[in-house]
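This is what each chain is made of:
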Amino acid sequence: MSSFNQSIFHPAVFFLTGIPGFETYHAWLSIPFCCLYAIAISGNGMILFVIFTESSLHEPMYYFLSMLSFTDLGLCLSTLVTMLGIFWFNAREISFDACIGQMFFIHGFTFMESSVLLAMAFDRFTAICNPLRYATILTNSRIIKVGFAIVIRGTTALVPLLLLLKRLSFCHGHVLHHSYCFHPDVMTLSCTDTKINSAFGLAIVISTAGLDSVFILLSYVLIIHSVLNMASPEERKKVFGSCVSHISAVAIFYIPMISLSLVHRFGKQAPPLVHTLIANVYLLIPPVMNPIIYSVKTKQIRKAVLKIFLSKMI
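The residue numbers shown here count from 1 along each chain, following its written sequence. Only residues with pLDDT of 70 or above have their local features reported here, since the model is predicted, and side-chain atom pairs are shown and tallied only from 80 upward, although totals for entire chains, interfaces and linings are computed over all residues. Here the side-chain values reflect all heavy atoms present in the structure, with hydrogen atoms and water set aside.

(A) Local environment of the state of the cysteines. We call a pair of cysteine sulfur atoms a disulfide when they lie within 2.5 Å. One pass over the structure, following the stated rule, counts one disulfide. Bridging Cys-99 to Cys-181, the disulfide has an S-S length of 2.0 Å. Between Cys-99 and Cys-181, the S-S dihedral sits near -125 degrees, and the bridge is therefore left-handed. Placement of the pair is Cys-99 in helix H4 (residues 96-129) and Cys-181 in the loop between helix H7 (158-166) and helix H8 (183-187), with a sequence separation of 82 residues. An identical accessibility class is assigned to Cys-99 and Cys-181; each is buried. Not part of a disulfide, Cys-35 finds its nearest cysteine sulfur in Cys-34, a span of 7.0 Å. Secondary structure elements follow DSSP: runs of H or I of four or more residues count as helices, runs of E of two or more count as strands, with numbering from the N terminus. Only protein chains enter the accessibility calculation, which uses a 1.4 Å probe; a residue whose area is less than 20% of its type maximum is buried, one above 50% is exposed, and one in between is partly exposed.

So this is what it looks like as structure tokens:
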């Protein structure tokens, strides 16, 4: 009985994992990861800068884009210290409370990004299907309220979820599969009943990202129906072109997130390297790709960025 009690503990620390099987090459592997972080931070920082400094970009569509860049920046910075700490200094230890804090920011920014993508879908739906009322529907005051609602929605439900996690005891070691703390990953180490945690976590995911994806899909069904009723092929092409960036952002956000969820639920026998790679793709690809997509596909953003670079060169 005493040995069983000793095997159940509330750990002071967890141990994060770098790239399994490539520990001796972590210093070299840090180079591409540093490049990805640099692209994500500078790209999203540039998007925020041009939107807030260029008066021509003070429109609802670009305000929502600035929210997307803000959430991508937050998501990226949430894992920067732990990931590079592993690669550079083999600093794998993270305290339980610090792990809880990192989970709050990672999952919070994830849910916020899902909400921002939904708001951007509504922006495209309003601009295409109800253009005459666009300016009266998406006023500055309403956009500010939407921003506050996104933050509250993304963080409120996480508090009870993480408090439920703190009540668990752990007896299966304390080595995590990723280079950051992820809620399903931490739960797998518990030896106590996690049914409440799993059910509550699933309910949060369904009510946020799940519901958002359904409404995003519905908005594009209505957009396609409206576009197909347009007589001019040139006008159809122009309207579809205005949605390409957002559709790409939705794809690079939801596909890695769904893949990581499936691996955690059904891929417990998968090699550790698979878990690690999908987890890194899930957190790094959207912050890296979104600024590139919007800079390439959105003419106004591209012109504003080029204007800044040219002014600096001159």
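(B) A look at unusual backbone geometry. Here the phi dihedral of Asn-90 falls at roughly 55 degrees; this positive angle occurs in a residue that is not glycine. Structurally, Asn-90 can be placed in the loop between helix H3 (60-89) and strand S2 (93-95).

(C) The arrangement of the UniProt feature "transmembrane region" (unreviewed entry) in the chain in detail. UniProt positions are given in the numbering used here, feature names are shortened, and annotations may be inferred rather than shown by experiment. With numbering matched to this structure, UniProt assigns "transmembrane region" (unreviewed entry) to residues 25-52, 64-88, 100-122, 143-165, 199-227, 239-257 and 277-296. Between the C-alpha atoms that bound residues 199-227 the distance is 40 Å, and the span itself is 100% helix and 0% strand.

(D) How the structure looks around a nonpolar patch on the surface. Taken together, the side chains of Leu-211, Phe-215, Leu-217, Leu-218, Val-221 and Leu-222 make up a nonpolar region of the molecular surface, amounting to roughly 550 Å² of accessible area. One can find Phe-215 in helix H9 (residues 195-228). Patch criteria: residues need more than 30% relative accessible area and no salt bridge. Like-charged residues are merged within 9 Å; nonpolar side chains of Val, Leu, Ile, Met, Phe, Trp and Tyr are merged within 5 Å. Here the Shrake-Rupley method, with its probe set to 1.4 Å, supplies the accessible areas, and only the displayed protein chains count as covering residues. Within this document, salt bridges are pairs made up of a side-chain nitrogen of Lys or Arg and a carboxyl oxygen of Asp or Glu, the two lying within 4 Å of each other.

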